[in-house]
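Here is what each chain is made of, one letter per residue.
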Amino acid sequence: MNQFKFAASHKAVTYGMMGLGVLCLLITFLIDDELHTRFWSNYLHNTVFFTGVAFISLFIMSAFITAWAGWYVTMKRVWEAYALFLIPGLALMLVLIIGLWGGFHHLYHWADAEAVATDKILQHKSAFLNKGWYTFGTLIIMGVWIFFAMKLRQLSLDEDQYGTTEYKYHHKMRIWAAAFLPLGGFTSAALVWQWVMSVDAHWYSTLYAWYTGASWFVSAMALTILTVIFLKFMGYLEAITEEHLHDMGKYLFAFSIFWTYLWFSQYMLIWYANVGEETVYFQTRQREYPVLFYGNLIINFLVPFFVLMRNDTKRKYGTLVFVSAVVLIGHWLDFFQMIKPGVLHTAHEVMAHGHDHAHGEEAHHAFMMGFHFPGLLEIGTMIGFLGLFIYFVFSRLEKASFEPKNDPYLAESLQHHV
Amino acid sequence: MSAVVSPIRDPLIEGGKTYGQITEDICSPTERVPSLAWTVAFIIAVLGLGLYVFTVVWTIFYGIGSWNLNRTIGWGWDITNFVWWIGIGHAGTLISAILLLFRQKWRTGVNRAAEAMTIFAVVCAGQFPLIHMGRLWLGFFIFPYPNTRGPLWVNFNSPLLWDVFAISTYFTVSLLFWYTGLVPDFATLRDRSKGIRRKLYNTVSFGWTGAAKHWQRFESLSLVLAGLSTPLVLSVHTIVSFDFATSVIPGWHTTIFPPYFVAGAIFSGFAMVLTLMLITRKVLKLEQYITLAHIESMNKVILVTGTIVGVAYLTELFIAWYSGYLYEQYAFYNRVLGPYWWSYVGMMACNVLSPQIFWVKKFRRSITITFVMSIFVNIGMWFERFVIIATTLARDYIPSSWSYYTPTWVEIGIFIGTLGLFFTLYLIFTRVAPVVAVAEVKSILKTAGDQYVGPNAKHQHETETAKTASH
């Protein structure tokens, strides 16, 4: 079966997931503190996570086209659909932007005019960390990404319809894909600094954008494996065999190690040099968020490393699904621990403002559900966003055949053998 | 390896070669009397090697004072050259291990020479940590071993010691990998020769007979070594970057250093591979094995890694400003606009701007432009290390100790001398071993020979006609 049909029952499940997400966000909002810190940080966390998955899918696809990869084209529709999630991603980001201008949230220390007035570092950074850059940077850069995602998708669909053995559409795709690589590389760094790194507004690390990129890459690959296996169970994607899954498993394995390498590079250099301005980032996480800090490494390194090391585990549904699910949650947790400590700190400062006790020690150390560890509400919210992602992706999948029949590499992909 | 090949892929072996012709074309250069070009090149290289020996002896005899280092600038050309060479020594392993994992068939045309180059570059790099100690006879101090000097041990907390382990591991594995690939090819040479030459090649090929069991062991060993080398490609330059990044010196201490050094190393390694291969293919008439398709692919790697390095340069500049940390900001201001501005400009122009011409297909497939560019990148990557090392050290926290550094003739002589050492080894290599991996090229003939794929492929046309007929 090459034509996907989004079954009504599956649609209902995604509606249910989205409903749960909305419900959880609503409950979070109601039981939250006066600034709605938990609500907004959950929203930011999931938006950034799933938008990033969409972005990196576009990036992977562009890299594969540029590198003349042949094996993956029988599943390229999945990544095309993932990349299009950038459109709802932008809509989700707009809510954060509106919140920023309306002063509805206090996610960012630098957005607080009173705090900036007394803070020399933030004043210095205000040329980059300001509402204007945040808004227009997001709109323009994500606009460009969406343009590329739609362009590649359109060329790919046109190829299906009008493609000949001159492969005109494929040659055009090569140009657009190659152009996207440097563009995506530069611009994603700028957005990650704004969206995530600036949550800890004083802190900085040159590696940060590459680190988040690797985290997104593993998440996207894990989600792809899960989607592909699900679609196979539904009887679609017969052309994808264990050979293709083996390759995806290798990517998951290799990039889990690469992520660990970047994690280690960042952590080790900061730890070794022991410069206070930098170590504070990891010190907070190690002391106040130990479960997340060490759990991050266990889930995202040890599990994929030991499970996927063998040849056969990359070829079996069971182990692949297990590892993919684990690292997908793992990298979602990774973003959780990137965002929550900074947001919580900012919230404490804002709430303590005007009170005598600037920021009480006990406020820092007391365990807070939803900050030191994700609670049921966070899990529900994640399921909601995932539901939206699946709903959107499956609706796109319905619009095109799985088999890119005029792709120059189709025969290679169909015959793929490792 | 899939037998089905997309119609848009370029052939990688031209001239409709048979297996016999491949053997003949690649093996025969080692059996002929060396050409005039080779002889002249070899004489020049050996003169360079002589200069190397002379300047090193001079350094040892008169001491490190014969260099222009001073209290502020403790590392100059020595460590610049060390990092430059070790970076060049990255392409071989990348090509043999990582491109193998990515199933890039074009690696077979260049992997042998690239691996050889890697080993020779690491040999050159390995000289500098020893020479820069000044007292060469105490070189064994770098190894941790039970000693009679009481508590005087190497510092296990120092990245300089990690370097010793990383580089010697890398060297060992690269050498084994290279040699493993050579074994069947040495046997081919043996089968074509007589007398003492036959005896020698029989010894170095370990009596290889090409039995199925031999090939099976060969394949498993290659796979194990590829698995070992892949992390090594990353680890060596990561640890070299730690030499700088673990410090608290502004301009050195930055977290992007490890992956950015690795990208830069691959960048410079490919540039050196191109420099060597463009000459080798011409001199040994291997244009049909190292085709324009190979050159184009390597130029793409140059473009990608050059741009990654560019992203890193700009990230560093931006974060230096963003940090709001005065010393960090000044370090980068000094790099760009300080007394060494010319080296920063050289670095940016050669590494980031000039490779951008490879966006144009015509330039990627032009031999002249590729050759000039490969030299540019070699120069640019040398400048990069000089920028990182000398300009950063020249102006540190205390303005009263600021200094400026120009090398003495001894330091320049040692650098030129290592080029002599490198080319001497490479030229010997082209005489004693096939510069293209014969067995590996043969393995892709049926899927990349131009009689099988591409516009002149008669077989493919036949099958296509057969397909249309059956419809």
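All figures in this text were calculated on a predicted structure; none of them were measured in a lab.

This paragraph deals with the overall build of chain B. Looking only at helices and strands, one finds 18 helices and zero strands in chain B. Rg of the C-alpha trace for chain B: 24 Å, near the compact-globule value of 23 Å for 471 residues, within the 12% margin. Relative to its 471 residues, chain B shows a buried fraction of 55%. Intrachain contacts of chain B at a sequence separation of at least 6 include 80% that bridge at least 24 residues. For chain B, the exposed surface amounts to about 19700 Å²; the carbon and sulfur share of it is 71%. Charge separation in chain B, taken as the distance between the mean sites of 34 positive and 23 negative side-chain charges, equals 6 Å.

A separate point is the interface of chain B and chain A. If you look at the interface, chain B gives 48 residues, while chain A gives 51 residues. Interface area, chain B with chain A, both sides summed: about 4100 Å², of which 70% is carbon and sulfur. Together, I8, T255 and Y322 of chain B form the three largest contributors to the area buried by chain B at its contact with chain A, with a combined 18%. Applying the counting rule to chain B against chain A returns two salt bridges. Linking R103 of chain B and D247 of chain A is a salt bridge whose minimum nitrogen-to-oxygen distance equals 2.4 Å.

In this section: the packing of aromatic side chains. All names here are of chain A. Considering all chains together, one arrives at 113 aromatic pairs over all chains under this definition. For the pair F148 and W176, a centre-to-centre distance of 5.7 Å together with 70 degrees between the ring planes defines the contact as edge-to-face. Within this pair, whereas F148 is found in helix α7 (residues 131-162), its partner W176 is found in helix α8 (residues 168-195), the two being separated by 28 residues in sequence. The residue whose ring lies beneath R285 is Y281, and the NZ or CZ to ring-centre distance is 3.6 Å. When the ring centre of F392 is taken as reference, the NZ or CZ atom of R396 above it lies at 4.4 Å.

On to the pattern of salt bridges. Per the counting criterion, the structure on display carries 27 salt bridges over all chains. Among the salt bridges present, the one from R77 of chain A reaches E80 of chain A, with a minimum N-O distance of 3.1 Å. In this pair, R77 of chain A and E80 of chain A both sit in helix α3 (residues 76-84), three residues apart, roughly one turn of the helix. In the salt-bridge network here, residues are joined through shared partners; they are D10, E296, K361, R364 and R365 of chain B.

Here we take up the confidence of the model for chain B. Residue and element names in this part refer to chain B. Mean pLDDT over chain B stands at 89; residues scoring 70 or higher make up 97%. Taken as a whole, residues 461-471 scores under 50 in pLDDT and shows one contact with residues more than four places along the chain or in a different chain. In the predicted assembly, ipTM is 0.91 and pTM is 0.93.

The rules behind these values
Residues numbered from 1 in each chain as written. Chains lettered and ligands numbered in written order. Predicted model: local features only at pLDDT ≥ 70, side-chain atom pairs only at ≥ 80, totals over all residues. Heavy atoms only, no water. Helix = DSSP H or I, 4+ residues; strand = E, 2+ residues; numbered from the N terminus. Rg over C-alpha atoms; globule rule 2.2 N^0.38 Å. Buried < 20%, exposed > 50% of the residue type's maximum accessible area, 1.4 Å probe, protein only. Contact = heavy atoms within 4.5 Å. Areas by Shrake-Rupley, 256 points an atom, 1.4 Å probe, with all protein chains shown as cover. Lys, Arg positive; Asp, Glu negative; His and termini not counted. Charge placed at Lys NZ, Arg CZ, Asp CG, Glu CD. Buried area = accessible area lost by both parts, 1.4 Å probe. Salt bridge = Lys/Arg side-chain N within 4 Å of Asp/Glu carboxyl O. Phe/Tyr/Trp six-rings, centres within 6.5 Å; stacked < 30°, edge-to-face > 60°. Lys NZ or Arg CZ within 6 Å of the ring centre and 35° of its normal. pLDDT = per-residue confidence, 0-100.

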